[in-house]
Amino acid sequence: MTSITPLQMDPSSGYCNANSIYYSKRKPLYLPQDEYLNLPAFLSQQPHTGKIAFIDSTTGYEITFPQLWQSARSLAAGLTEMGIKKGDVILLLSPNSVYFPIICMAIMSVGGIVTTTNPLNTSTEITKQARDSSAVLAFVTSELVNKLADANLPLVLISKIPGFSQKTTINGCSSATRFLVDLMATDPAKAPNVRIKQDDTATLLYSSGTTGLSKGVISTHRNLISMACVFTKPSTCSNCFLCTVPMFHIYGLAAFACGLLATGSTIVVLSKFELGEMLGAIEKYRVTYLPLVPPILLALTKTEIARKYDLKSLHSVLCGAAPLSKELTEEFISRFPSITLMQGYGLTETTAVGASTDTQEESRHYGTAGMLSPNTDAKIVDPDSGLALPPNQRGELWLRGPTIMKGYFSNPEATTSALDENGWLRTGDFCYIDNEGYVFVVDRLKELIKYKCYQVAPAQLEALLISHPEIADAAVIPFPDKEAGQVPMAYIVRKQGSTLSETTVAEFVAKQVAPYKKVRRVAFVSGIPKTAAGKTLRKDLIKLSASKL
């Protein structure tokens, strides 16, 4: 970080005229400097008075902090006996579960690399990720095991299937398909003492790209430890959290499978989201802190079912993963005046860290993503001129700090386009920072469609649509949706003589992609507007769709 004196930095905005950089106004965090330190070791060493780490909301099954770390050590010993070694990539395919964090901690403690995937993805999409990441093993639930049929991977089944057995080989060692419960019965004293550096890779989460090709985001133990330090602020310690967001997503992974383990807080896990079940869990377990995404916040605001439950214990809601409108913010606060609504901003590439509102006073700045996280710098850069801009001027948000990814896996070109030589990450988000240091996200320079908390790459759907024998050309844009935020809309150019219908197009796509990627609206046009270089002018199509609202 550049050393800046107080006289050079505006104390209100954090902006420095000398170098056009915004510095976080938050108190800097101490980050451990030990070269050899891994995330599980760091988390397990943090002092706290918490007793219960996880509760399964459906069954009431509890895992204490001592049980959590002993189970992780036992599983680490079992993985070592199976032949797993430092640097091996292991795929985790599972909905939210009290076992999800145990699996992550065990993999990382032996130097393995965790790659997660959405259970809603098709077997083709999952197999592609498994092969791209060079995964050597997969943890999977019995309900999802068929999605790995083509991946040709050894399996650890999170739940037992009576009579299921299959010979597998890992790193040259022959073994049968194993079960999580058996591996967690391994003697924890056999857990290896692997020398892991902070700069070693810990996770490989896949982030959708505008080219339609997913990119593996390389996050190190240092990135995750720095993220965990942000989570250990006093406002999050010793609370009872309800886990509603998916742990395979950076939001859920960072909070519920990693960061909060250092705070002594209890995490109540919902295996799947249902509004009544969520509200019932808040009442039953006296939940105090509820992280969620805008569609859930919308449902909570609009429905009358919330009046049937005692929500007096709930004092804070944190909304992230997608932009939250000022209107919805005001409506929620009007409906639940005793609950502090906070917002956060982060990317997979920033290990879920970037900006946040941390207090009730900060949360009154409606529409903001918050102030920069501790130890985080920012620039607002004009996309055309490349000049860094002062407060209240709009441009692309660049971020720099200890949580920024190492790069994209086996993709130097994408890494170079995202990270510059000074460690600045180009977020692709169009933002401004005001005179008080609050970050406002105006729009996305990236072309990703935000369907609820999922990202959909238009180019992937366009490539699929063009493969249809009756489609001459196609373009996909985001279309505003009150509940989902955005849905994919396809503009189609039929081949001559074709009578292709909207329904046929939608069904063609739906059969080949995960449910959240389905095309929800279809329109037929005579041609797709493009630049002289052949690039689709999506902004023209977005204007066209807006004119028909």
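Residues numbered from 1 in each chain as written. Predicted model: local features only at pLDDT ≥ 70, side-chain atom pairs only at ≥ 80, totals over all residues. Heavy atoms only, no water.

### Observations concerning the overall build of the protein chain
Stated formally: Only DSSP runs of H or I with at least four residues qualify as helices, and only runs of E with at least two residues qualify as strands; both kinds are numbered from the N terminus onward. The quantity called the radius of gyration is restricted to C-alpha atoms. Its globule counterpart is 2.2 Å times the number of residues to the power 0.38. Burial classes: relative accessible area under 20% of the type maximum marks a residue as buried, over 50% as exposed, and values in between as partly exposed (1.4 Å probe, protein chains only). Residue contacts are defined here by distance: any two heavy atoms, one from each residue, within 4.5 Å place the two residues in contact. Computed with a 1.4 Å probe, the accessible areas rest on the Shrake-Rupley method; for each residue, only the protein chains presented here act as cover. Counted charges follow a simple rule, with Lys and Arg positive, Asp and Glu negative, and His plus the chain ends left uncounted. Here the site of a charge means atom NZ of a Lys, CZ of an Arg, CG of an Asp or CD of a Glu.
When helices and strands are tallied, the protein chain shows 15 helices and 30 strands. The globule rule puts the C-alpha radius of gyration for 549 residues at 24 Å, and the 24 Å found for the protein chain is close to it. Principal axes of the C-alpha set define a box for the protein chain whose edges measure 65 × 65 × 55 Å. Expressed as a percentage of its 549 residues, the buried residues of the protein chain come to 57%. Pairs at least 24 residues apart make up 67% of the contacts formed inside the protein chain by residues separated by at least 6 positions. Accessible surface, the protein chain as shown: approximately 23400 Å² in total, 51% of it carbon and sulfur. Positive and negative charge centroids in the protein chain, built from 52 and 47 side chains respectively, lie 3 Å apart.

### Some words on the packing of aromatic side chains
For the record, the criterion: Pairs were defined over the aromatic rings of Phe, Tyr and Trp, the Trp ring being its six-membered one, requiring ring centres within 6.5 Å. Orientation was assigned from the angle between planes: stacked under 30 degrees, edge-to-face over 60, tilted for the rest. Lysine and arginine charges are scored as sitting over a ring when NZ or CZ, respectively, is within 6 Å of the ring centre and within 35 degrees of the ring normal.
Tallied over the full model, the rule gives 6 aromatic pairs. A centroid spacing of 5.0 Å and a plane angle of 40° characterise the contact between F332 and F336, whose relative ring orientation is tilted. F336 shares its class with F332; the two are buried. Members of the aromatic cluster, each reached through a chain of ring pairs, are F248, Y454 and Y516. Taking the ring centre of Y36 as reference, the NZ or CZ of R195 above it sits at 3.9 Å. Above the plane of the ring of F524 lies R494, whose end atom (NZ or CZ) is 3.6 Å from the centre.

### Topic: the confidence of the model for the protein chain
Condition: pLDDT is a residue-level measure of predictor confidence that goes from 0 to 100.
Across the protein chain, pLDDT averages 89, with 91% of residues at or above 70. Confidence over residues 161-165 falls short of pLDDT 50; this stretch has 7 contacts with residues more than four positions distant or in other chains.

### Examining the packing of helix α13 (residues 458-466) against helix α14 (residues 502-510)
Operational definition: Fitted lines through C-alpha atoms serve as axes, helices being fitted only where they are in contact, and the angles separating the N-to-C directions of these axes extend from 0 to 180 degrees. What sets the label is the angle itself: under 35 degrees gives roughly parallel, over 145 gives roughly antiparallel, 65 to 115 gives roughly perpendicular, and the rest give oblique. Helix crossings get a hand from a simple test, with the near helix turned counterclockwise from the far one by less than a right angle marking a left-handed crossing and a clockwise turn marking a right-handed one.
Put simply, α13 and α14 touch, their axes get as near as 10 Å, and they point 115° apart. On the basis of their axis angle, the class for α13 and α14 is roughly perpendicular. Helix-helix and strand crossings are classified by hand; for α13 and α14 the assignment is right-handed. Taking contact as the criterion, the partners of L461, L464 and L465 in α13 are, on α14, V505, F508 and V509.

### Looking at helix α15 (residues 538-547)
Turn by turn, an α-helix covers 3.6 residues, leaving residues three or four places apart pointing in a common direction. Note the cut-off: The directions considered for the arc run from the helix axis to the C-beta atoms.
Of the positions making up α15, those classed as buried are R538, L541 and S545. Here the buried residues of α15 occupy an arc of 60° about the axis, which is enough to place them on one side. Exposed residues pointing more than 90 degrees away from the buried face of α15 are listed as K539, K543 and S547. In this fold, the buried residues of α15 make contact with α13, β28 (471-481) and β29 (485-494).

### Remarks on the nonpolar core
Selection criterion: Joining through side-chain atoms within 4.5 Å is the link that ties buried Ala, Val, Leu, Ile, Met, Phe, Trp, Tyr and Cys residues into a set, and such a set is a nonpolar core.
One finds L75, M105, F139 and M278 to be the most contacted residues of the largest nonpolar core, which totals 132 residues. Here M278 is in contact with L242, T244, L270, F273, L290, I296 and L300, once residues within four sequence places are set aside. Residues Y345, I404, M405 and Y408 belong to the second largest nonpolar core, which totals 23 residues.

### Focus on the pattern of salt bridges
Counted only if it meets this: One speaks of a salt bridge when a side-chain nitrogen belonging to Lys or Arg is within 4 Å of a carboxyl oxygen belonging to Asp or Glu.
Summed over the entire model, instances satisfying the criterion amount to 15 salt bridges. Here E304 and R307 are joined by a salt bridge, their closest N and O atoms 2.5 Å apart. Residue R400 pairs with D377 through a salt bridge whose shortest N-O separation is 3.0 Å. A residue pair is termed long-range when its members are at least 10 positions apart, and R400 in strand β22 (residues 395-400) and D377 in strand β21 (residues 377-381) qualify at 23 residues. On the basis of relative accessible area, R400 is assigned to the buried category, the value being 13%. Ionic contacts of the salt-bridge type, sharing partners, join the residues R26, D358 and E362 into one network.

### A closer look at helix α7 (residues 250-258)
For α7, the buried fraction is high: 9 of the 9 residues fall into the buried class. Those residues of α7 not exposed but buried are I250, Y251, G252, L253, A254, A255, F256, A257 and C258.

### Considerations on the environment of K518
Its location among the elements puts K518 in the loop between α14 and β30 (521-524). With 57 residues separating them in the primary sequence, K518 and L461 have C-alpha atoms 8.6 Å apart. Sequence-distant contacts of K518, defined by excluding residues within four places in its chain, comprise P488, V509, A510 and V513.

### Details of the layout of surface pockets
So the rule is basically this: Grid spacing is 1 Å over the protein atoms alone, the probe is 1.4 Å, and a cavity is where that probe fits but cannot get out, while a pocket is an open set with protein on both sides within 12 Å along at least five of seven lines and lining residues have an atom within 4 Å of a point. Grid points are joined across faces, edges and corners, and a volume is the space filled by probe spheres set on the points. Amino acid classes used here: Ala, Val, Leu, Ile, Met, Phe, Trp, Tyr, Cys and Pro are nonpolar; Asp, Glu, Lys and Arg are charged; the rest, including Gly, are polar.
Taken as a whole, the second largest pocket spans an internal volume of roughly 1000 Å³. P95, N96, S271, K272 and F273 are the residues nearest the centre of the second largest pocket, which is lined by 38 residues in total. The greatest single-element share of the lining of the second largest pocket, amounting to 4 residues, is contributed by helix α9 (residues 294-302). Across the lining of the second largest pocket, the residue classes break down as 22 nonpolar, 9 polar and 7 charged.

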